[in-house]
Amino acid sequence: MQTNFSLPKCTKQRYNEWIFSDVPSDISIEVSGGNYALHRFPLVARSGRIRKLAAELRDSDVSRVELLSLPGEAEAFELAAKFCYGINFEITSSNVAQLCCVAKYLEMTEEYSKDNLFSRAEAYLDSVVCKNLEMCVEVLQQCESLFPLAEELNIVSRCTEAIAAKACTEQIASSFSQLEYSSSGRLHMNKPAKCEEDWWIEDLSVLRIDLYQMVISAMRCRGVRPESIGASLVHYAQKFLSKKPSLWTAIPNQTKVEFVGPVPHEQKLVVETIASLLPVEKLTVLVSFLFGLLRTAIMYDCSVACRLDLERRIAAHLEMASLDDLLIPSFPHAGDTLFEVDTVHRILVNFSQHDDSEDNMDDGSGYESDEPHSPSQTALIKVAKLVDNYLAEIAPDANLKLSKFMVIAEILPSHTRLTDDGLYRAIDIYLKAHQGLSDTERKKLCKLIDFQKLSQEAGAHAAQNERLPIQAIVQVLYFEQVRLRSALCCSSYPDEEPKFVSYQSRRISSGALSAAMSPRDNYASLRRENRELKLDLARMRMRLSDLEKEHVCMKQDLQKSSSYNLMSSLTKRVGKMNLFGHNSSRGSTSPSKRSQKTDFSKVLS
């Protein structure tokens, strides 16, 4: 016994409006469990599929045709049947995808009837829908239930390409509208383009993740701004993943996150897809968003490739992160600590490797600058301070092993810390929370601290800290004594530079590495000193040239003085001789002779 399907009241009402009730039906079409009592002639005149099925039932008393897996189901079939009966209805963006698919399924093409349903739906899709971005998005929504036929008919690809082209064209037009002539007659951008002008971001967020991925990929190929793509990804992720507030902020009470129930496959797919669509350019999304996405990936146990890619992106601009970003809660399947220490360690390793690669790339020109801190050095100092604060937060965790704590503390070079107060504070908290450490472990841990870089307050605290090993306290007292001696020297001799300070300044100015200076800063210092040495060398050469001239002059004067002394000696000898043969007594001289002798001696002298 055949059971007829009872249509809903609203469907039955629409059905009675266009079906010919005065002509008995001769064929029954079954679609999705419902029966349509129709007439054979108008159907076979338009549909090749129904024509073939009806031909097979010609010799049979049974006139029932079952259409299995019909796209769009009963609603789409009703529109196709109306078209066969010649009843007018409007093709819109909300039904054109269904009409294309059902027309293809029923073979309602030009082969069986001129100006058939498939050609009409295709014409509307190309001439109307693809010219409007909102209509394309609406058609893509309809295609979610029409796969794979909608993809085979290129409905999806045409709509995605149309959306990408429309968005790209609007951005280009917006950029041109912001160009203006300067006073010199040159074109320049009046103001940078803003992502707020990309109104399509909200429209795309209604799409399913696979269709959204197709649209974003098409936009990237078209050249849509990376900032706009990043803004769209952030909006989409916050819309579908914001049901868990803990995903985007750290857990304030430092308790493990309990995830109850199975992992939703759709959420996991959204996270992995968004991570794969992130632009490669820097600063297209905030680092806090990347951390939130990483927390979600860890919670849903996403693929290793997805998490490693997010860690690499975070490391690219880690200096912009905050302490709350680093406090990634640990999930039961991830580890036994309160926070994801291994994840942060990998991020820091990527950051240090990225900084090393930038140093190598800038080796030729980066050291030419005499600036006190290069951008990478500034980033290192910020990250070092961030790491010290992170260590202080994770130190109270009783399950945190010493090896994990130390590997985080020593991941960055010592010159990145201007002062070791933050590191000392974190180590002191760890020693207080882990009182079962052996003397060897405490010594090993305290070797990370450069006690010479402690401030006066931190040094005074460390000198009285009973948790520190004796060797560490001795070092603190020694450096405090040196500091006190230097201060006393400065107060006793305010006009003179103390020997200790002078030695340290000469050591730094000579290019010796300082704890607070990076190799790049020391290299710049050496370059400055080299220029000063060159100037001193030039001065010494000029002085040597002057000395050589003075030496020549002195030599000439010496030669003159030598000839003059010879003449003087001869004059003395001639004066002692009596050339005229007059005898005189040695004991008596006349006053005139004495005066002459005196005047002569004056001349010789």
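Residues numbered from 1 in each chain as written. Predicted model: local features only at pLDDT ≥ 70, side-chain atom pairs only at ≥ 80, totals over all residues. Heavy atoms only, no water.

Draft legend 1. Spatial organisation of the overall build of the chain. Counting secondary structure elements, the chain contains 26 helices and five strands. By residue count, 39% of the 605 residues in the chain fall in the buried class. Summarising the internal contacts of the chain: among those between residues at least 6 apart in sequence, 70% fall at separations of at least 24. (Helix = DSSP H or I, 4+ residues; strand = E, 2+ residues; numbered from the N terminus. Buried < 20%, exposed > 50% of the residue type's maximum accessible area, 1.4 Å probe, protein only. Contact = heavy atoms within 4.5 Å.)

Draft legend 2. Highlighting the sheet that holds strand β2 (residues 34–38). On the basis of which strands lie adjacent, the open sheet formed by three strands has the order β2-β1-β3 and mixed pairing. The open sheet has two edge strands with one neighbour each: β2 and β3 (64–67). On average, adjacent strands in this sheet sit at an angle of 25 degrees to one another, irrespective of strand direction. As defined by bridge partners, strand β1 (residues 27–31) adjoins β3 across four bridges and the pair is classed as parallel. Counterpart to Ser28 in the pairing with β3 is Arg64. Along the sheet, helix α4 (residues 73–85) contacts β1, β2 and β3; its crossing angle with β2, the most-contacted strand, is approximately 5 degrees. (Pairing = 2+ DSSP bridges. Axes fitted to C-alpha atoms, helices over the stretch in contact; angles between N-to-C directions.)

Draft legend 3. Here's a closer look at the confidence of the model for the chain. Per-chain confidence: the chain averages 76 in pLDDT, with 66% of residues scoring 70 or above. For the stretch residues 576–605, pLDDT sits under 50, and the model shows eight contacts to residues farther than four places along the chain or on other chains. (pLDDT = per-residue confidence, 0-100.)

Draft legend 4. Examining the pairing of β2 more closely. Judged by how many residues are buried, β2 sits mostly within the fold: four of five residues are covered. The pairing of β1 with β2 spans five bridges and is antiparallel. Paired with Val31 across the strands is Gly34, a residue of β2. Taking the residues between adjacent antiparallel strands as the criterion, β1 and β2 are bridged by two residues, where Ser32 takes a positive phi near 55 degrees.

Draft legend 5. Structural detail: the layout of surface pockets. For the second largest pocket, the calculated volume is near 290 Å³. Taken together, 16 residues make up the lining of the second largest pocket; nearest its centre are Val280, Lys282, Arg312, Arg313 and Ala316. Those elements giving two or more residues to the lining of the second largest pocket turn out to be α15 (304–316) and α17 (341–361). The element that contributes the greatest number of residues to the lining of the second largest pocket is α15, accounting for four residues. (1 Å grid on protein atoms, 1.4 Å probe; cavity = no way out; pocket = protein on both sides within 12 Å on 5 of 7 lines; lining within 4 Å. Points joined across faces, edges and corners; volume = space filled by probe spheres on them.)

Draft legend 6. The arrangement of the side chain of Asp388 in detail. Its location among the elements puts Asp388 in helix α18 (residues 375–394). Here the side chain of Asp388 touches Arg417 through a polar contact of 3.0 Å, side chain to side chain. (Polar contact = N/O pair within 3.5 Å; in protein donor to acceptor, adjacent residues only side chain to side chain.)

Draft legend 7. Expanded view of the state of the cysteines. The final tally for this structure, using the stated rule, is zero disulfides. Its sulfur unpaired, Cys101 is 6.3 Å from the next cysteine sulfur, which belongs to Cys143. (Disulfide = S-S within 2.5 Å.)

Draft legend 8. How the structure looks around unusual backbone geometry. Along the chain, Phe147 connects to Pro148 via a cis peptide bond; the corresponding omega equals 0 degrees. Along the chain, Pro148 falls in the loop between α7 (133–143) and α8 (149–152). Phi at Glu107 takes a positive value of approximately 60 degrees, unusual for a residue other than glycine. Assignment of secondary structure puts Glu107 in the loop between α5 (96–105) and α6 (117–127). Exposure remark for Glu107: the relative accessible area of 21% places this residue in the partly exposed category. In this structure, Asp115 takes a positive phi of about 55 degrees despite not being glycine. Within the secondary structure, Asp115 is located in the loop between α5 and α6.

Draft legend 9. Expanded view of the packing of helix α13 (residues 265–277) against helix α14 (residues 287–299). It is at 10 Å that the axes of α13 and α14 come closest, and there the two elements cross at 140 degrees. Handedness of the crossing formed by α13 with α14: left-handed. Only Phe289, Leu293, Thr296 and Ala297 of α14 make contact with α13, whose side of the interface consists of Val271, Ile274 and Ala275. Here the contact of α13 with α14 is built from residues that sort into six nonpolar, one polar and no charged. (Left-handed = near helix turned anticlockwise from the far one by under 90°. Nonpolar A, V, L, I, M, F, W, Y, C, P; charged D, E, K, R; others polar.)

Draft legend 10. Structural detail: the environment of Asp210. Tracing the sequence through the fold places Asp210 in helix α11 (residues 209–222). Residues Asp210 and Thr273, 63 residues apart in the sequence, show an inter-C-alpha distance of 8.3 Å. Among the polar contacts listed, one links the side chain of Asp210 to the side chain of Arg208, at a separation of 2.9 Å.

Draft legend 11. The packing of aromatic side chains, seen in detail. Enumeration according to the criterion identifies five aromatic pairs in this entry. Both rings, one in Tyr212 and one in Tyr236, keep their centres 4.1 Å apart while their planes meet at 15 degrees; by these two values the pair is stacked. Here Tyr212, found in helix α11, pairs with Tyr236, found in helix α12 (residues 226–241); they are 24 residues apart in sequence, far enough to count as distant. When its relative accessible area of 0% is taken as the criterion, Tyr212 is described as buried. What links up through ring pairs into an aromatic cluster is the set Tyr212, Tyr236 and Phe240. Over the aromatic face of Tyr105 sits the side chain of Arg49, whose NZ or CZ is 4.1 Å from the ring centroid. (Phe/Tyr/Trp six-rings, centres within 6.5 Å; stacked < 30°, edge-to-face > 60°. Lys NZ or Arg CZ within 6 Å of the ring centre and 35° of its normal.)

Draft legend 12. The arrangement of the nonpolar core in detail. Counting 144 residues, the largest nonpolar core has Ile29, Phe77, Leu106, Met219 and Leu318 as its most contacted members. When residues of this core are assigned to their parent elements, the largest contribution, ten residues, is made by α18. Ignoring anything within four residues of it in the chain, the contact list for Phe77 reads Ile29, Val31, Tyr36, Leu38, Leu67, Leu70, Val102 and Leu106. (Core = buried A, V, L, I, M, F, W, Y, C linked by side-chain atoms within 4.5 Å.)

Draft legend 13. Broad picture of the packing of α12 against α14. Running from amino to carboxyl end, α12 crosses α14 at an angle of 40 degrees, the nearest separation of the two axes being 12 Å. Classified by the angle their axes make, α12 and α14 are oblique. Like other packed secondary-structure pairs, α12 and α14 cross with a definite hand, here left-handed. For the pair α12 and α14, contact is made by Leu233, Val234, Ala237 and Leu241 and by Phe289, Leu293 and Thr296, respectively. When its residues are assigned to classes, the contact of α12 with α14 shows six nonpolar, one polar and no charged. (Parallel < 35°, antiparallel > 145°, perpendicular 65-115°, else oblique.)

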